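Chain residues, written in single-letter form:
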Amino acid sequence: MLTLAWQTVKARTSGFVGAFIAVLCGTALVAACGILMESGFRGGVPTQRYAAADVVVTGDRTVRPPGGDVLAFEHAAEQPAIPAALVAKIAAVPGVKAAVAEQTFPAAVVGRDGQVLADKPSFGHNWESAVLAPFTLKEGRAPARDNEVVLDSGLAAQAGVAAGGEVRVMTRSTPMSYRVSGIAESRGNRQAALFFNAAKATELAGHPDQVSAIGVIGNVADRLEDVLADDHVTVSAGADRSAAEFDDVSQTKAILALIAGSFGGYAVLVAIFVVASTLALTVEQRRREFALLRAVGATPRQIRKMIGLETLVVSLVAGVAGSLGGIAVSHGLRNAFANIGVVPQDFELSISPIPLVAALLIGLGAARLAAWSAARRPSSINPVEALGEAAVQRKELGRVRLVIGYVLVAIGIAATTLPLFIPGQIGAAMSVMAALVLIIGLTLAGPRIIGGAVRLIAPMLPGTSGYLAAANVTKNSRRLAAAVTPLMLAIGFAVVNFYSQTTFSAAVQQETTKSITADHVIGGVTGVPAEVAEAARKSPGVTAVTSLVRTQVITASKSGDSVEVTSGPANGIDPQAAGTVDLKITEGSLKDLTPGTVALGATHAFWNNKKVGDTAEFWFADGQPAKLRVVAIYEHELAFGDHVLNAQDARAHTRAGTDSAVLINGTAPDQLVSRYPGLTVASNVAAQDRGNERTQFLLNLVAVGVILGYVAISVSNTLVMSTAARRREFALLRLVGTKGRQVRQMMRAEALLTVGLAAVFGTLVAALPLTLLAIGATGTPLPAGPPWVYGAVLAGAALLGIVSISVATRLSLRAKPIDTIGLRE
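This structure is a prediction, so every number in the text was calculated from the model and none was measured.

Asker: Report on the overall build of the chain, specifying residues and quantitative values.
Answerer: Looking only at helices and strands, one finds 27 helices and 27 strands in the chain. Counting across all 825 residues of the chain, residues that qualify as buried make up 51%. Sequence-distant contacts, at least 24 apart, represent 82% of the contacts inside the chain between residues at least 6 apart. Split by element, the accessible area of the chain, about 35500 Å² in all, is 60% carbon and sulfur.

Quick look at the structure:
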């Protein structure tokens, strides 16, 4: 049977090309997502400051809540400090040659023009930790006094100073003058480094009994993990040291794993959908062959086995090629993500056989499942009715298929209402999922629905070519449905993904504009020192001031016997925030938002059954547990997240220890800002968030674009296959007197009907979830976003459909009709 399957594939190469392309591209996409996900755990950048350390010990950023199986761990956004006492404990471990404590804190040099040298992140450290790179002195000596500093050579050159010179350094206050005692050879170019003596570094770091990290000389990672098992630390070796050194790498790895997981889920779903529809079309086009086999005695089991083996041969070759091609796709995605600022430019992917094998197995599994489904129909043909069944399309659909299709449509319609009750990013994601469920449901019930639409529209097609097209599509609604479905998927998926994000962004912008009522917003590239808010309160003409600290919290919720852990945005403000922010308080008062308390969003409070006076439990941005008393409930959750903390609490759990912005009512604080280089005054806080919104928009554009590229390939693939399979039909029409021009006109009419139906159904699939999302998010039924994008999607789908059908038609008409009519199907 395997030999027969191989011979069939070789003899029908053109017939299996479509299935091969579908599996190849689908496997490559899934493999790329797998590589990105693995890189989220194992990838990184070359370490610099810890290059000479074999092991780095840092605070544990992974939140592991008790109480059941954890569905997914979350990583804290901030690096927690660790007890300084661990240095002695680590040094006592056998095999440790040296254990060096490191302090890390924000520190930037102010240039001669009064501007902060901030072309890359800049941090201060204790000189003792220089050995971990190692940084070596090329000029001068180590810092001995509190007013001395050592600069790395790159920073010294940028500042234009040498050993013995003076430089102003800004940490968490106004710039202070330091004498440059030495210049150290720089290591890498990701960060700038300034070194102080131990006492000054500890003072500037702000936590005297804690250190940022401990570098260990000696290959004792496994031994340290055992010794420090109860100390809530992370032991990093090899490539993982870069995540301990660079905050952006640690955050990138968490974001990349999240993106790849979400993006990969869509990719797997779309790949299975495309592979199944392509294989079903391939099998459907061979129904006469299977009918003949049944007529000469082949059993249903033999037909199913033959189709399964043919599919296995094709999908195995395509899957292996696609898995290897996934490496190139993953590098393309990495470069795209790097260009829009989601991952660092020097982030290196981690490639192993695991995601490649997993993608291959998923591709084989999808193809095998599709083959089993597609083989049920031809294998069940009654031998007595075989030839008649092969000549005429069966009109009725299976009852089970119709029921499943209608049920999915009903579920999809019901799911579109969820954004009315679940606000935020989750509601926007629900809109996309609802659209996909609707598309799958319409696919299953498509021939019945599309057949009804065709019977209404087809008689309106004018002329002889229109009559032929009407007759064709009326009698072969399944073939038309097979062409309409991928186009509908492309239109619906693109429109819903784009406008769901623009609508959600518009809702956030709208609520932020309502919520931030301050006259002026002080912001800075490296943050705003906490003392700025206090100084502003004492400035003449200022009537209200509050610090604004952008942060995150991590929450856990029970889901049966499991615990679901999620992270979300939060903000820290002062109790004196009235007049500068409007959270739309429904219970309690912001005046009670003192350290140790929290205000909760109304939706979050409802789902967690919390009210004023209760205790809210979660984790701060550095992974430290929190049990805070609820003092207020508010409604503006899109602008402020589910948790609003006291600014002092929020600031204490960040490494920088600074504010994200300071909101001020009254006179513009220009004179105050001039004392702090790098600070600016804006009229609203929205301007500060545009960079993040643009990055999020571009990220979604890249992810959706890749999936749409795959869908576009499948659309063209399906339309070409469907049209090319009609060569004998075209030849017969020409032999009975139809001109080639009339055949082309007939196919153009069919193409226009195909594109028109796809546009209508794709628009309807997108319109319902987007309308309800817009109502729930912005209060208006019209989704936000530029209308031309919708027009471009329709135009692109129309062009793709018409060109694919027209090219396939012209190629099919090139041969002489008398030669084509004798070809086997």
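The discussion continues.
Asker: Outline the environment of Gly-412, supporting the account with residue identities and numerical values.
Answerer: Of note, Gly-412 is situated in helix H13 (residues 399-415). Once residues lying within four places of it in the same chain are set aside, the contact partners of Gly-412 are Ala-434, Val-437 and Leu-438.

Asker: Which residues make up the environment of Ser-812, and what are the values?
Answerer: Note on placement: Ser-812 falls in helix H26 (residues 787-812). Residues Ser-812 and Ala-731, spaced 81 residues apart in sequence, show a C-alpha to C-alpha distance of 8.8 Å. Not counting residues within four places of it along the chain, the set of residues in contact with Ser-812 comprises Thr-723, Ala-724, Arg-727 and Phe-730.

Asker: How would you explain the nonpolar core if you had to name every residue and give the values?
Answerer: With 88 residues, the main nonpolar core has Phe-337 and Leu-757 as its most contacted residues. In terms of residues, this core owes the most to one element, helix H17 (residues 477-515), which gives 15 residues. Core analysis: the second largest hydrophobic core is formed by 21 residues, Ala-107, Tyr-178, Ile-183 and Ala-205 among them.

Asker: With reference to specific residues and values, describe the sheet that holds strand S6 (residues 98-102).
Answerer: In space, the four strands of this open sheet follow the order S6-S16-S1-S17, with antiparallel pairing throughout. The open sheet has two edge strands, S6 and strand S17 (233-237), and neither has a second partner. Looking at each pair of strands side by side, their axes are set apart by 20° on average, direction ignored. When strand S1 (residues 55-59) meets strand S16 (residues 213-217), the two strands line up antiparallel, connected through three bridges. From the neighbouring strand, Val-56 faces S16, where its bridge partner is Gly-215.

Asker: Lay out unusual backbone geometry with the relevant residues and their values.
Answerer: The omega angle of the peptide bond from Ala-133 to Pro-134 is -5°, so this bond is cis rather than trans. Of note, Pro-134 is situated in the loop between strand S9 (122-126) and strand S10 (137-140). We note that Asn-609 has phi near 55°; this positive angle belongs to a residue other than glycine. With respect to the element layout, Asn-609 can be found in the loop between helix H19 (602-607) and strand S23 (615-619). Since its relative accessible area comes to 67%, Asn-609 is described here as exposed.

Asker: Describe the packing of helix H24 (residues 727-735) against helix H25 (residues 740-778), listing the residues and the values that go with them.
Answerer: Relative to each other, H24 and H25 sit at 135°, their axes nearing to 10 Å. Our classification of the angle between H24 and H25 gives oblique. Helix-helix and strand crossings are classified by hand; for H24 and H25 the assignment is right-handed. Packed against H24, whose contacting residues are Glu-729, Phe-730, Leu-733 and Arg-734, the element H25 presents Val-743, Met-746 and Met-747 at the interface. Of the residues belonging to the contact of H24 with H25, the class tally is five nonpolar, no polar and two charged.

Asker: An account of the pattern of salt bridges is requested, with residue identities and associated values reported.
Answerer: Tallied over the full model, the rule gives twelve salt bridges. Note that Arg-141 and Glu-148 form a salt bridge whose closest N and O atoms lie 2.6 Å from each other. Judged by its relative accessible area of 35%, Arg-141 falls in the partly exposed class. Of the charged contacts, one joins Lys-584 and Glu-635 as a salt bridge, the two residues approaching to 3.4 Å between their closest N and O atoms.

Asker: I'd like a rundown of the packing of aromatic side chains, residues and numbers included.
Answerer: Following the criterion strictly, the structure yields seven aromatic pairs and no others. Where Phe-135 meets Phe-195, the ring centres are 5.0 Å apart and the plane angle is 65°; that geometry is what we call edge-to-face. One end of the pair, Phe-135, is in the loop between S9 and S10; the other, Phe-195, is in strand S14 (residues 192-196), with 60 residues separating them in the sequence. Judged by relative accessible area, Phe-135 falls into the buried class, the value being 9%.

Asker: Residues and numbers for the environment of Leu-773, please.
Answerer: Within the secondary structure, Leu-773 sits in helix H25. According to the relative accessible area criterion, Leu-773 is buried, its value standing at 4%. Sequence separation between Leu-773 and Leu-418 is 355 residues; the distance between their C-alpha atoms is 8.3 Å. The residues contacting Leu-773, other than those within four sequence positions of it, are Pro-419, Gly-427, Ala-428, Ser-431, Ser-500 and Thr-503.

Asker: Could you give an account of helix H5 (residues 198-205), with specific residues and numbers?
Answerer: If you check which residues of H5 are buried, you get Lys-200, Ala-201, Leu-204 and Ala-205. Looking down the long axis of H5, one finds its buried residues gathered within 130° of arc, a one-sided arrangement. Residues of H5 that are exposed and point over 90 degrees away from its buried face: Ala-199 and Glu-203. Structurally, H5 contributes buried residues whose contacts are with strand S7 (104-106), S9, strand S13 (176-184) and S14. Positive backbone phi, approximately 85°, marks Gly-206, located one or two places after H5.

Asker: Provide a residue-level description of helix H10 (residues 300-339), including the pertinent values.
Answerer: With 40 residues, H10 ought to run about 58 Å at 1.5 Å a step, and its terminal C-alpha atoms sit 54 Å apart, in line with that. At Gly-326, H10 is bent by approximately 25°, the largest bend along its length. The positive-phi residue at the C-terminal boundary of H10 is Gly-341, with phi of around 90°.

Asker: Mind laying out the packing of helix H9 (residues 287-295) against H10, listing which residues take part and the relevant values?
Answerer: At their nearest, the axes of H9 and H10 sit 10 Å apart, and the two run at 145° to each other. Between H9 and H10 lies a crossing whose hand is right-handed. Contacts from Glu-289, Phe-290, Leu-293 and Arg-294 of H9 reach H10 at Pro-300, Ile-303, Met-306 and Ile-307. Per-class residue counts for the contact of H9 with H10 are six nonpolar, no polar and two charged.

Asker: Tell me about a nonpolar patch on the surface, and name the residues and values.
Answerer: Where nonpolar side chains cluster on the molecular surface, the patch consists of Leu-312, Leu-316, Val-320 and Leu-324 and spans about 330 Å² of accessible area. You can call Leu-312 partly exposed: its relative accessible area is 38%.

Rules of the game
Residues numbered from 1 in each chain as written. Predicted model: local features only at pLDDT ≥ 70, side-chain atom pairs only at ≥ 80, totals over all residues. Heavy atoms only, no water. Helix = DSSP H or I, 4+ residues; strand = E, 2+ residues; numbered from the N terminus. Buried < 20%, exposed > 50% of the residue type's maximum accessible area, 1.4 Å probe, protein only. Contact = heavy atoms within 4.5 Å. Areas by Shrake-Rupley, 256 points an atom, 1.4 Å probe, with all protein chains shown as cover. Core = buried A, V, L, I, M, F, W, Y, C linked by side-chain atoms within 4.5 Å. Pairing = 2+ DSSP bridges. Axes fitted to C-alpha atoms, helices over the stretch in contact; angles between N-to-C directions. Parallel < 35°, antiparallel > 145°, perpendicular 65-115°, else oblique. Left-handed = near helix turned anticlockwise from the far one by under 90°. Nonpolar A, V, L, I, M, F, W, Y, C, P; charged D, E, K, R; others polar. Salt bridge = Lys/Arg side-chain N within 4 Å of Asp/Glu carboxyl O. Phe/Tyr/Trp six-rings, centres within 6.5 Å; stacked < 30°, edge-to-face > 60°. Arc of directions from axis to C-beta. Expected span 1.5 Å × (residues − 1). Bend = angle between axes of the 7 residues up to and from the residue. Patch = residues over 30% accessible without salt bridge, like charges linked within 9 Å, V, L, I, M, F, W, Y side chains within 5 Å.

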